[in-house]
Amino acid sequence: VMKQPLKVGHIIKLITQIAGALDHAHQAGIIHRDIKPSNVLMDGEWALLSDFGLAKMVETSIDLTGTGVGMGTPAYMSPEQGRGRKVDHRTDIYALGIMLFEMLTGQVPHKAETPIATVMKRINEPLPMPRSLNPDIPEAVERVLLKALAVDPNLRFDSAGEMAAAL
């Protein structure tokens, strides 16, 4: 059964709650590395971030991307994560941006037939403009999306809380 689509205000509330959880993890030196809808559990009106199985402690030297260890979900993966480069908290901000994009447009950007093709599109193709997919998205929200989904991590928000405040 198809449910009514969420309103922008409700979407922003959910993203803000997830951003708060990410800020808490990031301040503790933890990068989640697999932010996606199935790792967000709802408890009434509260969004709870779960599954820190791929999380990485910033200060540790343990390599969690070695043989036999997953790197994340390609549909929500940042370009630097897809390239196998070093990631920091901004990779989680990118994935949160992908979730916001999906919630507002009904699709993830750069969808392809295989996980590798998705990652390659993410690296090589421009982001589809969110308002071209849903003209009801406010321009200010689109600007937040574009910043959160910048290919260069240095152009993204400095924190998930900053992204939430911008929303």
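Here the structure is shown first, and the text comes after it.
Presented here is a report on the structure given in the accompanying data block. (Residues numbered from 1 in each chain as written. Predicted model: local features only at pLDDT ≥ 70, side-chain atom pairs only at ≥ 80, totals over all residues. Heavy atoms only, no water.)

### Thoughts on the overall build of the chain
For step 1, the next point in the chain: Along the chain, the regular secondary structure elements total seven helices and four strands.
For step 2, the next point in the chain: Listing the helices and strands of the chain from first to last along the sequence gives α-β-β-β-β-α-α-α-α-α-α.
For step 3, the next point in the chain: Residue pairs in contact within the chain that sit at least 24 positions apart in sequence constitute 58% of those at least 6 positions apart. (Helix = DSSP H or I, 4+ residues; strand = E, 2+ residues; numbered from the N terminus. Contact = heavy atoms within 4.5 Å.)

### Notes on helix 6 (residues 139-148)
The α-helix winds at 3.6 residues per turn, so residues separated by three or four positions along the chain end up facing the same way.
For step 1, the next point in the chain: Those residues of helix 6 that sit buried are Val141, Glu142, Val144, Leu145 and Ala148. Relative to the axis of helix 6, the buried residues are bounded by an arc of 155° and lie together on one face.
For step 2, the next point in the chain: In this structure, the buried residues of helix 6 make contact with helix 1 (8-27), helix 3 (89-105), helix 5 (130-133) and helix 7 (160-166). (Buried < 20%, exposed > 50% of the residue type's maximum accessible area, 1.4 Å probe, protein only. Arc of directions from axis to C-beta.)

### Examining unusual backbone geometry
For step 1, the next point in the chain: At Arg33, a residue that is not glycine, the phi angle is positive and equals roughly 75°.
For step 2, the next point in the chain: You can see Arg33 is positioned in the loop between strand 1 (30-31) and strand 2 (40-43).
For step 3, the next point in the chain: Exposure remark for Arg33: the relative accessible area of 5% places this residue in the buried category.
For step 4, the next point in the chain: Even without glycine at this site, His110 takes up a positive phi of about 65°.
For step 5, the next point in the chain: Along the chain, His110 falls in the loop between helix 3 and helix 4 (115-124).

### With respect to empty space enclosed by the protein
For step 1, the next point in the chain: As enumerated under the stated definition, the model contains one cavity of 30 Å³ or more in all.
For step 2, the next point in the chain: As for the largest cavity, its lining consists of eleven residues, of which Arg33, Asp34, Ile35, Tyr76 and Gln81 are closest to the centre.
For step 3, the next point in the chain: Among the elements that line the lining of the largest cavity, the one with the most residues is helix 3, at three residues.
For step 4, the next point in the chain: Partitioned by chemical class, the residues of the lining of the largest cavity number four nonpolar, four polar and three charged. (1 Å grid on protein atoms, 1.4 Å probe; cavity = no way out; pocket = protein on both sides within 12 Å on 5 of 7 lines; lining within 4 Å. Points joined across faces, edges and corners; volume = space filled by probe spheres on them. Nonpolar A, V, L, I, M, F, W, Y, C, P; charged D, E, K, R; others polar.)

### Quick look at the packing of aromatic side chains
For step 1, the next point in the chain: This model, assessed by the stated rule, comprises zero aromatic pairs.
For step 2, the next point in the chain: Sitting above the plane of the Phe157 ring, Lys147 keeps its charged end 5.0 Å from the centroid. (Phe/Tyr/Trp six-rings, centres within 6.5 Å; stacked < 30°, edge-to-face > 60°. Lys NZ or Arg CZ within 6 Å of the ring centre and 35° of its normal.)

### Quick look at a nonpolar patch on the surface
For step 1, the next point in the chain: The grouping of Leu41, Trp46 and Leu48 at the surface amounts to a nonpolar patch, some 330 Å² of accessible area in total.
For step 2, the next point in the chain: Following the sequence through the fold, Trp46 ends up in strand 3 (residues 46-49).
For step 3, the next point in the chain: Assessed through its relative accessible area of 56%, Trp46 is described here as exposed. (Patch = residues over 30% accessible without salt bridge, like charges linked within 9 Å, V, L, I, M, F, W, Y side chains within 5 Å. Areas by Shrake-Rupley, 256 points an atom, 1.4 Å probe, with all protein chains shown as cover. Salt bridge = Lys/Arg side-chain N within 4 Å of Asp/Glu carboxyl O.)

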